[in-house]
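A look at the structure
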Amino acid sequence: MTDVSNLQLIEKAKTVLHPRKLSNDNTAGDVACALLSSAGNIYLGVCIDIGSGIGFCAEHSAIAAMITAGESRIAKIVAVWGDGVILPPCGRCREFMYQIDSTNYLNTEVILGENSAVKLKELLPHPYDEIWK
């Protein structure tokens, strides 16, 4: 795996952080995400906020790009908002990371700051399917 620092991944996310208006008072780009796959590739995405609730988070967008490229394992992931505020993933994103590849549960580092990261397991102590295992 390519050695990419937390700061480098944060800065990469900022390159696509461009809030913009869409039609009908919808917006995109308020939050940006960068993820490093286990294969060493970087994928980017932004949120899309749609009034009817069918939008999605920046993490979903970056993960979709990774899946499109044929990968599913996330080494590191970060979401950035505003002037560089690091956001932890919402519950839906945490579960999504786990559901696309269960190895992400123990292996994915979720960046919470330049010098701070936790494993996905720490943020998702009880995945949805644990009762069936």
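The sections below set out a description of the structure shown in this document. Everything quoted here is computed from the prediction, not taken from an experiment.

The subject of this paragraph is empty space enclosed by the protein. Per the counting criterion, the structure on display carries one cavity of 30 Å³ or more. There is about 30 Å³ of room inside the largest cavity. Lining the largest cavity are Glu59, Ile77, Val78, Ala79, Leu87, Pro89, Val110 and Ile111. Taken together, the elements giving at least two residues each to the lining of the largest cavity come down to β4 (74-81) and β6 (109-113). Of all the elements, β4 adds the most residues to the lining of the largest cavity, at three residues.

The next subject is the side chain of asparagine 6. Here asparagine 6 is to be found in helix α1 (residues 6-14). We classify asparagine 6 as buried; its relative accessible area is 11%. There is a polar contact of 3.2 Å between the side chain of asparagine 6 and the side chain of lysine 76. Separated by 3.3 Å, the side chain of asparagine 6 and the backbone oxygen of glutamate 114 make a polar contact.

Turning next to the pairing of β6. Across two bridges, β4 lies against β6 in parallel orientation. Residue lysine 76 lies in a different strand from β6, and its bridge partner there is glutamate 109. Pairing of β6 with strand β7 (residues 116-119) involves four bridges; the strand directions are antiparallel. What sits directly across from isoleucine 111, in β7, is alanine 117. In sequence, β6 turns back onto β7 through a hairpin of two residues.

The two faces of the sheet receive side chains in turn, since in a regular strand these alternate between them. Burial within strand β2 (residues 27-37) is extensive, with ten of its eleven residues counted as buried. Inspection of the sheet shows strand β1 (residues 20-21) paired to β2 by two bridges, in the antiparallel sense. Note on β2: the bridge partner recorded for arginine 20 is alanine 28. Here β1 hands over to β2 after five residues, with asparagine 24 in that stretch at a positive phi of 55°. Note that β2 and strand β3 (residues 42-49) share seven bridges and pair antiparallel. Bridging across to β3, alanine 28 finds its partner in isoleucine 48.

So, how was this worked out
Residues numbered from 1 in each chain as written. Predicted model: local features only at pLDDT ≥ 70, side-chain atom pairs only at ≥ 80, totals over all residues. Heavy atoms only, no water. 1 Å grid on protein atoms, 1.4 Å probe; cavity = no way out; pocket = protein on both sides within 12 Å on 5 of 7 lines; lining within 4 Å. Points joined across faces, edges and corners; volume = space filled by probe spheres on them. Helix = DSSP H or I, 4+ residues; strand = E, 2+ residues; numbered from the N terminus. Buried < 20%, exposed > 50% of the residue type's maximum accessible area, 1.4 Å probe, protein only. Polar contact = N/O pair within 3.5 Å; in protein donor to acceptor, adjacent residues only side chain to side chain. Pairing = 2+ DSSP bridges.

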